[in-house]
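One-letter residues, chain by chain:
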Amino acid sequence: ELDSFQFLLTHQQGGTPLFAGIMMEEAKAEVVKPDSVKLTITGSSGAFFVELNVIAVGGVTYMTNPITNQWEVVPIEVSPLGIFDPGEGIRDIMLKIKNPMLADKGDGDEQYYLIQGTVGAETLQPILGVITQGSDIEVNLKIEKVSRRLFEAVIKGQITPGEQEGIIRVIE
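Residues numbered from 1 in each chain as written. Predicted model: local features only at pLDDT ≥ 70, side-chain atom pairs only at ≥ 80, totals over all residues. Heavy atoms only, no water.

1. Some words on the overall build of the protein
Logical step 1: Within the protein, the secondary structure is distributed over 2 helices and 12 strands.
Logical step 2: Helices and strands appear in the protein in the N-to-C order β-β-β-β-β-β-β-α-β-β-α-β-β-β.
Logical step 3: Here the protein holds 172 residues, and 41% of them are scored as buried.
Logical step 4: Nonlocal contacts in the protein, meaning residues at least 24 apart in sequence, comprise 41% of its contacts between residues at least 6 apart.
Logical step 5: For the protein, the exposed surface amounts to about 9,700 Å²; the carbon and sulfur share of it is 53%. (Helix = DSSP H or I, 4+ residues; strand = E, 2+ residues; numbered from the N terminus. Buried < 20%, exposed > 50% of the residue type's maximum accessible area, 1.4 Å probe, protein only. Contact = heavy atoms within 4.5 Å. Areas by Shrake-Rupley, 256 points an atom, 1.4 Å probe, with all protein chains shown as cover.)

2. Considerations on unusual backbone geometry
Logical step 1: For Asn-69, which is not a glycine, the phi torsion comes out positive at approximately 65°.
Logical step 2: For Arg-148, which is not glycine, the phi dihedral falls at a positive 65°.

3. Quick look at the nonpolar core
Logical step 1: Judged by nonpolar contacts, the single largest core of 31 residues is most densely connected at Phe-7, Leu-39, Leu-141, Ile-155 and Ile-171.
Logical step 2: Looking at this core, the elements with two or more residues in it are strand 1 (4–13), strand 3 (23–32), strand 4 (36–45), strand 5 (48–57), helix 1 (86–95), strand 9 (112–120), strand 10 (136–144) and strand 11 (150–156).
Logical step 3: Ignoring anything within four residues of it in the chain, the contact list for Ile-155 reads Ile-93, Leu-124, Ile-137, Glu-138, Val-139, Ile-167, Ile-168, Arg-169 and Ile-171. (Core = buried A, V, L, I, M, F, W, Y, C linked by side-chain atoms within 4.5 Å.)

4. Some thoughts on the side chain of Thr-64
Logical step 1: Examined against the element boundaries, Thr-64 turns out to sit in strand 6 (residues 60–64).
Logical step 2: The buried category is assigned to Thr-64, whose relative accessible area is 2%.
Logical step 3: Within the structure, the side chain of Thr-64 is placed 2.9 Å from the backbone nitrogen of Asn-53, a separation counted as a polar contact. (Polar contact = N/O pair within 3.5 Å; in protein donor to acceptor, adjacent residues only side chain to side chain.)

5. A short note on the pairing of strand 12 (residues 168–171)
Logical step 1: In strand 12, alternate side chains face the same way, and those of Ile-168 and Val-170 on one face and Arg-169 and Ile-171 on the other are all buried.
Logical step 2: In this structure, strand 11 lies alongside strand 12, joined through 4 bridges in antiparallel fashion. Across the sheet, the residue bridging to Val-154 is Val-170, located in strand 12. (Pairing = 2+ DSSP bridges.)

6. Here we look at the environment of Gly-117
Logical step 1: Note that Gly-117 resides in strand 9.
Logical step 2: Sequence-wise, Gly-117 and Ile-137 are 20 residues apart; in three dimensions their C-alpha atoms are separated by 8.4 Å.
Logical step 3: Not counting chain neighbours up to four residues away, the residues in contact with Gly-117 comprise Ile-97, Lys-98, Asn-99, Ile-137, Glu-138 and Val-139.

7. So, a nonpolar patch on the surface
Logical step 1: Where nonpolar side chains cluster on the molecular surface, the patch consists of Val-60, Tyr-62, Trp-71 and Val-73 and spans about 380 Å² of accessible area.
Logical step 2: Elements represented by at least two residues in the nonpolar patch include exactly strand 6 and strand 7 (71–74).
Logical step 3: Tracing the backbone through its elements, the reader meets Tyr-62 in strand 6. (Patch = residues over 30% accessible without salt bridge, like charges linked within 9 Å, V, L, I, M, F, W, Y side chains within 5 Å. Salt bridge = Lys/Arg side-chain N within 4 Å of Asp/Glu carboxyl O.)

8. Re the confidence of the model for the protein
Logical step 1: Of the residues in the protein, 81% have a pLDDT of 70 or more, and the chain-wide mean is 79.
Logical step 2: Mean pLDDT values over the elements of the protein span from 69, in helix 2 (residues 125–128), up to 91, in strand 7. (pLDDT = per-residue confidence, 0-100.)

Here you go:
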(Lines give C-alpha, C1' and ligand atoms only; values in the text may rest on other atoms or scores of the structure.)
Protein backbone atom coordinates (compact mmCIF):
# COMPACT_ATOMS: atom_id res chain seq x y z
CA GLU A 1 0.00 0.00 0.00
CA LEU A 2 1.47 3.33 -1.10
CA ASP A 3 1.09 6.59 0.81
CA SER A 4 1.69 8.63 -2.33
CA PHE A 5 2.13 8.11 -6.05
CA GLN A 6 2.01 9.95 -9.34
CA PHE A 7 0.96 9.03 -12.83
CA LEU A 8 0.61 10.39 -16.33
CA LEU A 9 -2.38 9.50 -18.52
CA THR A 10 -1.92 10.13 -22.23
CA HIS A 11 -3.89 9.28 -25.36
CA GLN A 12 -2.25 7.83 -28.46
CA GLN A 13 -5.45 8.29 -30.46
CA GLY A 14 -8.30 10.59 -29.54
CA GLY A 15 -9.17 11.98 -26.15
CA THR A 16 -11.59 11.55 -23.27
CA PRO A 17 -14.60 13.91 -23.16
CA LEU A 18 -14.95 15.61 -19.79
CA PHE A 19 -17.36 18.36 -18.76
CA ALA A 20 -18.29 21.63 -20.52
CA GLY A 21 -17.07 20.38 -23.92
CA ILE A 22 -13.48 19.80 -22.79
CA MET A 23 -11.64 16.92 -24.46
CA MET A 24 -8.86 15.62 -22.19
CA GLU A 25 -5.69 14.62 -24.02
CA GLU A 26 -3.38 14.32 -21.01
CA ALA A 27 -3.70 14.20 -17.23
CA LYS A 28 -0.83 14.34 -14.76
CA ALA A 29 -1.62 13.54 -11.14
CA GLU A 30 0.15 13.52 -7.80
CA VAL A 31 -1.78 11.73 -5.06
CA VAL A 32 -1.06 11.75 -1.33
CA LYS A 33 -3.32 9.62 0.85
CA PRO A 34 -5.76 10.03 2.39
CA ASP A 35 -7.22 13.11 0.65
CA SER A 36 -4.77 15.23 -1.32
CA VAL A 37 -4.58 15.36 -5.11
CA LYS A 38 -2.88 17.68 -7.56
CA LEU A 39 -4.10 17.22 -11.14
CA THR A 40 -3.21 18.97 -14.38
CA ILE A 41 -5.45 18.27 -17.36
CA THR A 42 -4.55 19.43 -20.86
CA GLY A 43 -6.77 19.15 -23.88
CA SER A 44 -9.05 21.19 -26.06
CA SER A 45 -12.45 22.81 -26.22
CA GLY A 46 -13.39 23.25 -29.83
CA ALA A 47 -10.34 24.74 -31.53
CA PHE A 48 -8.87 26.10 -28.29
CA PHE A 49 -6.14 24.64 -26.07
CA VAL A 50 -7.26 24.15 -22.46
CA GLU A 51 -5.22 23.56 -19.32
CA LEU A 52 -6.98 22.94 -16.02
CA ASN A 53 -5.21 22.70 -12.70
CA VAL A 54 -7.01 21.04 -9.81
CA ILE A 55 -5.95 20.74 -6.20
CA ALA A 56 -7.94 18.93 -3.53
CA VAL A 57 -6.95 19.01 0.12
CA GLY A 58 -9.08 17.93 3.06
CA GLY A 59 -12.30 17.70 1.07
CA VAL A 60 -12.02 21.15 -0.55
CA THR A 61 -11.36 21.34 -4.29
CA TYR A 62 -9.80 24.29 -6.13
CA MET A 63 -9.67 24.50 -9.93
CA THR A 64 -8.43 27.08 -12.39
CA ASN A 65 -11.17 28.63 -14.48
CA PRO A 66 -10.45 27.64 -18.13
CA ILE A 67 -11.28 31.16 -19.35
CA THR A 68 -9.68 33.41 -16.69
CA ASN A 69 -7.08 30.95 -15.34
CA GLN A 70 -8.00 32.15 -11.83
CA TRP A 71 -8.31 29.68 -8.93
CA GLU A 72 -11.86 28.99 -7.76
CA VAL A 73 -13.39 26.76 -5.10
CA VAL A 74 -15.36 24.07 -6.91
CA PRO A 75 -18.31 22.14 -5.45
CA ILE A 76 -17.51 18.42 -5.33
CA GLU A 77 -20.46 17.58 -7.62
CA VAL A 78 -18.88 19.50 -10.53
CA SER A 79 -15.26 18.82 -9.65
CA PRO A 80 -13.31 16.33 -11.77
CA LEU A 81 -12.25 14.91 -8.41
CA GLY A 82 -15.85 14.07 -7.54
CA ILE A 83 -15.49 10.94 -9.69
CA PHE A 84 -11.72 10.59 -9.54
CA ASP A 85 -10.10 7.99 -7.30
CA PRO A 86 -6.87 6.99 -9.05
CA GLY A 87 -5.71 4.71 -6.26
CA GLU A 88 -8.86 2.61 -6.53
CA GLY A 89 -8.82 2.66 -10.34
CA ILE A 90 -5.21 1.58 -10.72
CA ARG A 91 -5.59 -1.09 -8.03
CA ASP A 92 -8.74 -2.43 -9.71
CA ILE A 93 -7.04 -2.71 -13.10
CA MET A 94 -4.56 -5.12 -11.54
CA LEU A 95 -7.08 -7.02 -9.40
CA LYS A 96 -9.93 -7.36 -11.91
CA ILE A 97 -8.08 -8.32 -15.08
CA LYS A 98 -9.90 -11.12 -16.93
CA ASN A 99 -8.15 -13.93 -18.83
CA PRO A 100 -4.65 -12.68 -17.98
CA MET A 101 -1.86 -14.05 -20.14
CA LEU A 102 1.85 -13.60 -19.61
CA ALA A 103 3.13 -12.01 -22.80
CA ASP A 104 6.65 -11.95 -24.13
CA LYS A 105 7.48 -8.74 -25.96
CA GLY A 106 10.76 -10.21 -27.15
CA ASP A 107 12.76 -7.12 -26.11
CA GLY A 108 14.81 -8.91 -23.45
CA ASP A 109 13.48 -6.66 -20.68
CA GLU A 110 13.90 -8.82 -17.60
CA GLN A 111 12.68 -6.20 -15.07
CA TYR A 112 8.98 -6.47 -15.95
CA TYR A 113 6.16 -8.94 -16.38
CA LEU A 114 4.04 -8.16 -19.43
CA ILE A 115 0.44 -9.23 -18.90
CA GLN A 116 -2.39 -9.01 -21.43
CA GLY A 117 -6.10 -9.36 -20.68
CA THR A 118 -9.33 -7.43 -20.43
CA VAL A 119 -11.19 -5.47 -17.75
CA GLY A 120 -14.79 -4.36 -17.59
CA ALA A 121 -15.12 -0.70 -18.54
CA GLU A 122 -16.63 -0.02 -15.09
CA THR A 123 -13.21 -0.85 -13.60
CA LEU A 124 -11.91 2.40 -15.11
CA GLN A 125 -14.70 4.65 -13.76
CA PRO A 126 -12.61 5.89 -10.77
CA ILE A 127 -10.02 7.21 -13.25
CA LEU A 128 -12.16 8.40 -16.17
CA GLY A 129 -15.63 9.11 -14.81
CA VAL A 130 -18.66 8.30 -16.97
CA ILE A 131 -18.12 5.01 -18.77
CA THR A 132 -19.89 2.83 -21.33
CA GLN A 133 -21.41 0.01 -19.28
CA GLY A 134 -20.96 -3.62 -20.16
CA SER A 135 -17.99 -3.47 -22.49
CA ASP A 136 -14.70 -5.26 -21.94
CA ILE A 137 -11.57 -3.25 -22.64
CA GLU A 138 -8.22 -4.69 -23.71
CA VAL A 139 -5.36 -3.92 -21.31
CA ASN A 140 -1.63 -4.57 -21.45
CA LEU A 141 0.11 -4.25 -18.09
CA LYS A 142 3.81 -3.83 -17.43
CA ILE A 143 4.49 -4.82 -13.82
CA GLU A 144 7.84 -4.53 -12.05
CA LYS A 145 9.00 -8.01 -11.08
CA VAL A 146 10.64 -7.07 -7.79
CA SER A 147 8.13 -4.57 -6.34
CA ARG A 148 5.06 -5.97 -8.15
CA ARG A 149 3.99 -2.38 -8.85
CA LEU A 150 2.25 -1.34 -12.01
CA PHE A 151 4.73 0.51 -14.23
CA GLU A 152 2.51 1.06 -17.28
CA ALA A 153 -1.00 0.22 -18.45
CA VAL A 154 -2.04 0.46 -22.09
CA ILE A 155 -5.84 0.59 -22.37
CA LYS A 156 -7.38 0.02 -25.80
CA GLY A 157 -10.98 0.77 -26.65
CA GLN A 158 -13.91 3.08 -26.11
CA ILE A 159 -14.66 3.62 -22.42
CA THR A 160 -16.69 6.82 -22.23
CA PRO A 161 -19.61 7.94 -24.44
CA GLY A 162 -18.51 10.16 -27.32
CA GLU A 163 -15.03 8.71 -27.77
CA GLN A 164 -13.74 7.71 -31.18
CA GLU A 165 -13.25 4.06 -32.09
CA GLY A 166 -9.72 2.75 -31.61
CA ILE A 167 -8.81 5.10 -28.78
CA ILE A 168 -5.67 4.09 -26.87
CA ARG A 169 -4.71 5.39 -23.42
CA VAL A 170 -1.40 4.94 -21.64
CA ILE A 171 -1.02 5.27 -17.86
CA GLU A 172 2.58 5.51 -16.63
